[in-house]
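# Survey of secondary and tertiary structure
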Amino acid sequence: MNDLILRAARGEKTERTPVWLMRQAGRILPEYRAVRSSVSGFVELCQTPELAAEVTIQPVDLLGVDAAIIFSDILVIPEAMGLPYEMVEKRGPFFPNTIQSEADLQKIRVADVQSDLGYVLEAIKLTKKELNGRVPLIGFAGAPFTIFCYMIEGQGSKTFSKAKKMFYTNPEFSHQLLQMITDSTIAYLKAQIQAGADMIQIFDSWAGILSPEQYSAFAMPYINQICDAITEVPKTVFAKGAYFAREAIGRSNCNTVGLDWNMDVAESRMLTNGKVLQGNLDPCALYGSNADVEKATKVMLDKFGPDKHIANLGHGVYPDIDPEKVKVFINTVKEYSEKMR
C-alpha cells in the first residue's frame, strides 16, 4: 500500500521523500522495552520469531515510518558459522571464542541458513503476514569486513587493531575468512528475500577504521560480490565513516548509498554515479527542541533535493532520544518533502 521507499530506491519520482530510521525497532520505544523485559535478553528476543516480528512492526504503528526493518543483529552470521556470541548489558557483544589461526578456520563453516538462521526467516514471514502490505520490509546483514572484526577481536573496539593486524600479517588467512563470511551472507540475504524481505541493507559499521587501500583490498571486493549476487530486490550499502569509499560504492551494483552525517551531500551526489542516497541527519540533532529538529530536518531535505533520496539519520537512533522528537523528524520529512515537489 505504501511502496514509496521501493520506488525511491529504484530512482523513480515519488510524491514525497520516504523516511525510516536505523535502529528504529527498539531502544527508544517503551513498548519495545516492555517486550524485551519479558525474555532473558537481546539474543532470546532475536531468536523468538513472534516477539521479533512484534518489535519490528512497533515503529510502523507508533512512529509512522515508511518501512519496517526486521529485528535481528548482524552477529547472527558468525553464530551461524559456529562462533556463538553473548550480548553483555552496557558492554555490547562478546565472543567467548575468536578466530586467530588456520586451525580455528577449520572449526567454523559456511552457514547453513535454513537450519542455523531459520528463526530470522520465520520472523520475516510472520512480520510480512502482520504488515499485510502496509509498508515494505527491509532485511539486512553486516558487511564481511565488519563481521570479520568481531570474529577476530571478540568484542567491540575503538581500533580493531587485532583484526587490522591480520591484514598485514596474514592476508591469505584474512581473505579465506572474509570469503566464508561473504558466502554465508549471500545465502542468508537470498533466504531473507525468499521469506519476504522487499529490500536489503548491508551495514559496514567499522568501515571508517580502514585506509582507502585496505578498504579496496579487504572490504569492497566482498561487498561487490554480495551486490552482484543479490538481483531480486533493491540494495543499500551503508559504510559508516568510509567517506573515501563513496566512489567505489557508487560503482557497485547497489541501488542506494547510505551516508553518515559527516558526508557532504553535494559531494556524495557527484561521487556516487547518480545513485539514490540515504541519510543523513546527525542523530544528536534529535536532542534539540521540536523547532530545532524541524529546522535541521528541513536543512537536510534542502541539501538532498526532492529526488533520489531516502530520509534517515546518519547512524542508528540513540536509545535515550525522546520518541516524540523522532516523530517530529518523521512528520517534517513527510510534510516538507511533499511541498518540495
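Notes on the structure follow. Starting from 1, residues in each chain are numbered consecutively following that chain's sequence as written. This being a predicted model, a pLDDT of at least 70 is required before a residue's local features are given, and a value of 80 or more before pairs of side-chain atoms are given or counted; all residues contribute to the totals for chains, interfaces and linings. The basis for the side-chain values is all heavy atoms of the structure; hydrogens and waters are excluded.

### Focus on helix H16 (residues 290-304)
- Helix and strand assignments come from DSSP, with helices taken as H or I runs of at least 4 residues and strands as E runs of at least 2, each series counted from the N terminus. Take the residue count of a helix, subtract one, and multiply by 1.5 Å to get its expected span. Taking 1.5 Å of rise per residue, 15 residues should cover 21 Å, and H16 covers 21 Å from first to last C-alpha, within 8% of that figure.
- The buried label applies to any residue whose accessible area, calculated with a 1.4 Å probe on protein chains only, is under 20% of its type's maximum; exposed applies above 50%, and partly exposed to all values in between. Val293, Thr297, Met300, Leu301 and Phe304 are the residues of H16 that are buried. All buried residues of H16 project into a common sector of 95° when viewed along the axis, lining one side. Set apart from the buried face of H16 by more than 90 degrees, the exposed residues are Ala291, Lys295 and Lys303.
- We call two residues in contact whenever any of their non-hydrogen atoms come within 4.5 Å of each other. Residues of H16 that are buried make contact with helix H15 (265-271), strand S8 (276-281), strand S9 (309-313) and helix H17 (323-340). Within this analysis, the arc is defined by the directions that extend from the helix axis to the C-beta atoms.

### Overview of the side chain of Arg16
- Its place among the elements puts Arg16 in the loop between helix H1 (4-9) and helix H2 (30-36).
- For Arg16, a relative accessible area of 14% corresponds to the buried category.
- Polar contacts, as used here, are pairs of N or O atoms within 3.5 Å; protein pairs need one atom able to donate a hydrogen and one able to accept it. Residues neighboring in sequence count only if both atoms are side-chain atoms. Only 2.8 Å separates the side chain of Arg16 from the side chain of Asp66, close enough to count as a polar contact.
- If we ignore the near neighbours within four places in the chain, the residues touching Arg16 are Asn2, Leu4, Asp66, Lys334, Ser337, Glu338 and Arg341.

### Considerations on the packing of helix H8 (residues 118-131) against helix H11 (residues 171-195)
- Contact geometry of H8 with H11 gives a least axis separation of 8 Å together with a crossing angle of 25°. The angle between H8 and H11 falls in the class roughly parallel. The handedness of the crossing between H8 and H11 is right-handed. Along the contact surface, H8 presents Val120, Leu121, Ile124, Lys125 and Lys128, while H11 presents Tyr188, Ala191, Gln192 and Ala195. Lines are fitted to the C-alpha atoms to define the axes, a helix being fitted only along its stretch in contact, and any angle between axes, read from their N-to-C directions, falls within 0 to 180 degrees. Note that the term roughly parallel is reserved for angles under 35 degrees, roughly antiparallel for angles over 145, roughly perpendicular for angles of 65 to 115, and oblique for everything else. By definition, turning the near helix anticlockwise from the far helix through less than a right angle yields a left-handed crossing, and turning it clockwise yields a right-handed one.

### Digging into the side chain of Thr332
- Its place among the elements puts Thr332 in helix H17.
- If we skip the residues at most four places from it in the chain, Thr332 touches Glu294, Thr297, Lys298, Leu301 and Ser337.

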